[in-house]
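Spelled out from the first residue to the last, the chains are:
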Amino acid sequence: AGHDRISVAKEGSECSGSIEDNTIWAGCAHGLSFFLLNALISQCAGRRKVLSISILLVAAAAAFVIDNTGEAISGLIFFYIFLTTAMVFGVVSSYFVDLYPTSYRGMVACLGMMVARLSAFAGTNLISSNMTEHCSVAIYSIAGLVISGAVAAALLPVGAL
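Nothing here was measured: the structure is a model prediction, and the numbers come from that model. (Residues numbered from 1 in each chain as written. Predicted model: local features only at pLDDT ≥ 70, side-chain atom pairs only at ≥ 80, totals over all residues. Heavy atoms only, no water.)

(A) Summary view of the overall build of the chain. Assigned secondary structure in the chain consists of 8 helices and 0 strands. Scanning the chain from its N terminus toward the C terminus, one meets helices and strands in the order α-α-α-α-α-α-α-α. Partitioning the intrachain contacts of the chain with sequence separation of at least 6 by distance along the chain shows that 70% fall at a separation of at least 24. By element, 70% of the accessible surface of the chain is carried by carbon and sulfur atoms, the whole surface being about 11,100 Å². (Helix = DSSP H or I, 4+ residues; strand = E, 2+ residues; numbered from the N terminus. Contact = heavy atoms within 4.5 Å. Areas by Shrake-Rupley, 256 points an atom, 1.4 Å probe, with all protein chains shown as cover.)

Okay, structure coming up:
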């Protein structure tokens, strides 16, 4: 009898859901547009400071608009625009080459990425736990955090050292 229950539990836990076609197309469009955005950003590599500040300010504005929009499609579009904050990681990482001597570059890059990943992990858990009960506060907090990143980016040096 115990063996029968185990086999039934295994059969019941099998994933039998399907993915909507629109979800797959949206994922493809998301990946392609991020690829194109990265290609555009790489063409403007000489203007790292302006790129960082502008990407972060546009993302913060999108976060403010997310809470004030009334429909799902526009909210999704503005959320997608907010996700472009991920493009700043590459731009900021390029400063490691200019700011630190060769002997420290690997360590600084490793520490920088480790802090960025830990912060992203902590922020994701902190925001997601508050999103269901305090959605507006969570979104405005995210926007404030992104604006503080733009202020920090304003303190970065302009050109190569």
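After presenting the structure, the write-up continues.
(B) Structural detail: the environment of Met131. As for its position among the elements, Met131 is in helix α7 (residues 102-131). If sequence neighbours within four positions are ignored, Met131 has contacts with Ala138 and Ile139.

(C) Focus on the UniProt feature "transmembrane region" (unreviewed entry) in the chain. UniProt's feature table lists "transmembrane region" (unreviewed entry) at residues 50-66, 72-96, 108-127 and 139-160, given in the numbering used throughout. Between the end C-alpha atoms of residues 72-96 the distance is 40 Å, and the span holds 76% helix and 0% strand. Segment residues 108-127 splits into 100% helix and 0% strand. End C-alpha atoms: 28 Å apart. (UniProt positions renumbered as here; feature names shortened; annotations may be inferred.)

(D) Spotlight on the packing of helix α3 (residues 48-68) against helix α8 (residues 135-154). Where α3 contacts α8, the axes come no closer than 9 Å and their chain directions differ by 165 degrees. With respect to each other, α3 and α8 are oriented roughly antiparallel. Note on packing geometry: the crossing formed by α3 with α8 is left-handed. Within the contact between the two elements, α3 uses Lys49, Ser52, Ile53, Leu56, Leu57, Ala59, Ala60, Ala63, Phe64, Ile66, Asp67 and Asn68 and α8 uses Ser136, Ile139, Tyr140, Ala143, Val146, Ile147, Gly149, Ala150, Ala153 and Ala154. Looking at the contact of α3 with α8, its residues break down into 16 nonpolar, 4 polar and 2 charged. (Axes fitted to C-alpha atoms, helices over the stretch in contact; angles between N-to-C directions. Parallel < 35°, antiparallel > 145°, perpendicular 65-115°, else oblique. Left-handed = near helix turned anticlockwise from the far one by under 90°. Nonpolar A, V, L, I, M, F, W, Y, C, P; charged D, E, K, R; others polar.)

(E) Structural context of the side chain of Thr84. Residue placement: Thr84 occurs in the loop between α4 (72-82) and α5 (88-93). The class for Thr84 is buried, based on a relative accessible area of 10%. A polar atom in the side chain of Thr84 sits 2.5 Å from the backbone oxygen of Ile81. Excluding its chain neighbours within four sequence positions, the residues that come into contact with Thr84 are Phe34, Leu37, Ile55 and Ala59. (Buried < 20%, exposed > 50% of the residue type's maximum accessible area, 1.4 Å probe, protein only. Polar contact = N/O pair within 3.5 Å; in protein donor to acceptor, adjacent residues only side chain to side chain.)

(F) Representation of the nonpolar core in the model. Membership of the largest hydrophobic core comes to 19 residues, with the highest contact counts inside it found for Ile41, Ile55, Leu56, Ala63, Phe82, Met87 and Val146. Counting residues per element, the ones that place at least two in this core are α2 (21-43), α3, α5 and α8. The contact partners of Val146, leaving out residues within four places of it in the chain, are Leu56, Ala59, Ala60, Phe82 and Thr85. (Core = buried A, V, L, I, M, F, W, Y, C linked by side-chain atoms within 4.5 Å.)

(G) Representation of α3 in the model. A rise of 1.5 Å per residue sets the reference length of α3, with its 21 residues, at 30 Å; its end C-alpha atoms lie 31 Å apart and thus fit the reference within 8%. Taken as a whole, α3 has its buried residues at Arg48, Lys49, Leu51, Ser52, Ile55, Leu56, Ala59, Ala60, Ala62, Ala63 and Ile66. At its buried positions, α3 is contacted by α2, α4, α5, α6 (95-99) and α8. (Expected span 1.5 Å × (residues − 1).)

(H) Up close: the environment of Asn130. As for its placement among the helices and strands, Asn130 is situated in helix α7. Looking at Asn130, the relative accessible area reads 31%, which means it is partly exposed. Leave out the neighbours within four places in its chain, and Asn130 touches Cys135 and Ala138.

(I) Spatial organisation of a nonpolar patch on the surface. A cluster of nonpolar residues, Leu99, Tyr100, Tyr104, Met107, Leu111, Met114, Val115 and Leu118, forms a patch on the protein surface that exposes about 760 Å² of accessible area. Considering each element in turn, the nonpolar patch owes the most residues, 6 residues, to α7. Summarising the element assignment, Met114 is placed in helix α7. Residue class for Met114 comes out partly exposed when judged on its relative accessible area of 42%. (Patch = residues over 30% accessible without salt bridge, like charges linked within 9 Å, V, L, I, M, F, W, Y side chains within 5 Å. Salt bridge = Lys/Arg side-chain N within 4 Å of Asp/Glu carboxyl O.)

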